[in-house]
Amino acid sequence: MMYGEDNVLEVKIVKEGSFLHMAEIGYGTERDNLDEPDAEDIQRNEADEEIARRLRDGESYRSISKELGVSPKRINRIKNTMKSNDDD
């Protein structure tokens, strides 16, 4: 195996004239190239879990939106995710 978790090709997007392409900049490890969740990601996930819990309890979009300060669109996205997970 030429490429694996300890030998990942790293590239950057460059534009030469009107040609946009990826240029090789070196090699690294997979771990170095993965985003670690930060405090904002963790907080967002906790809020999504709270929204999902309230939806399961039958709380209305309006009530959830008002109490948690989130948009109905976000609530609907979480509800759709819950439905697709139930279908699996």
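Basis of the calculations
- Residues numbered from 1 in each chain as written.
- Predicted model: local features only at pLDDT ≥ 70, side-chain atom pairs only at ≥ 80, totals over all residues.
- Heavy atoms only, no water.
- Patch = residues over 30% accessible without salt bridge, like charges linked within 9 Å, V, L, I, M, F, W, Y side chains within 5 Å.
- Areas by Shrake-Rupley, 256 points an atom, 1.4 Å probe, with all protein chains shown as cover.
- Salt bridge = Lys/Arg side-chain N within 4 Å of Asp/Glu carboxyl O.
- Helix = DSSP H or I, 4+ residues; strand = E, 2+ residues; numbered from the N terminus.
- Expected span 1.5 Å × (residues − 1).
- Buried < 20%, exposed > 50% of the residue type's maximum accessible area, 1.4 Å probe, protein only.
- Arc of directions from axis to C-beta.
- Contact = heavy atoms within 4.5 Å.
- Axes fitted to C-alpha atoms, helices over the stretch in contact; angles between N-to-C directions.
- Parallel < 35°, antiparallel > 145°, perpendicular 65-115°, else oblique.
- Left-handed = near helix turned anticlockwise from the far one by under 90°.
- Nonpolar A, V, L, I, M, F, W, Y, C, P; charged D, E, K, R; others polar.
- pLDDT = per-residue confidence, 0-100.

**Observations regarding a nonpolar patch on the surface**
- Judged by side-chain polarity, Met 2, Tyr 3, Leu 9, Val 11, Ile 13, Leu 20, Met 22 and Tyr 27 come together as a nonpolar surface patch covering roughly 870 Å² of accessible area.
- Secondary structure elements with two or more residues in the nonpolar patch: β1 (8-16) and β2 (19-28).
- Position of Leu 9 relative to the elements: it lies in strand β1.

**Side note on helix α2 (residues 39-56)**
- Over its 18 residues, α2 extends 26 Å from the first C-alpha to the last, a length consistent with the 26 Å expected when each residue adds 1.5 Å.
- If you check which residues of α2 are buried, you get Asp 48, Ile 51, Ala 52, Arg 54 and Leu 55. Buried residues of α2, viewed axially, fall in a sector of 160°; they line one side. Those residues of α2 that are exposed and aimed more than 90 degrees away from the buried face are Ala 39, Gln 43, Glu 46, Glu 49 and Arg 56.
- At its buried positions, α2 is contacted by α3 (61-68) and α4 (72-87).
- Positive backbone phi, approximately 85°, marks Gly 58, located one or two places after α2.

**Here's the deal with the packing of α3 against α4**
- Where α3 meets α4, the closest approach of the two axes is 9 Å, and the angle between their N-to-C directions is 120°. One finds that α3 runs oblique with respect to α4. Handedness of the α3/α4 crossing: right-handed. Residue-level contacts link Tyr 61, Ile 64 and Ser 65 of α3 to Pro 72, Ile 75, Asn 76 and Lys 79 of α4.
- Looking at the contact of α3 with α4, its residues break down into four nonpolar, two polar and one charged.

**Section: the confidence of the model for the chain**
- Across the chain, the average pLDDT comes to 91, with 98% of residues at or above 70.
- At the low end of the mean pLDDT range in the chain sits helix α1 (residues 30-33), at 87; at the high end sits α3, at 95.

**Thoughts on the pattern of salt bridges**
- Overall, the coordinates contain nine salt bridges when judged by the stated rule.
- Its salt-bridge partner being Glu 36, residue Arg 31 comes within 3.5 Å of it at the nearest N-O pair.
- A relative accessible area of 60% places Arg 31 in the exposed class.

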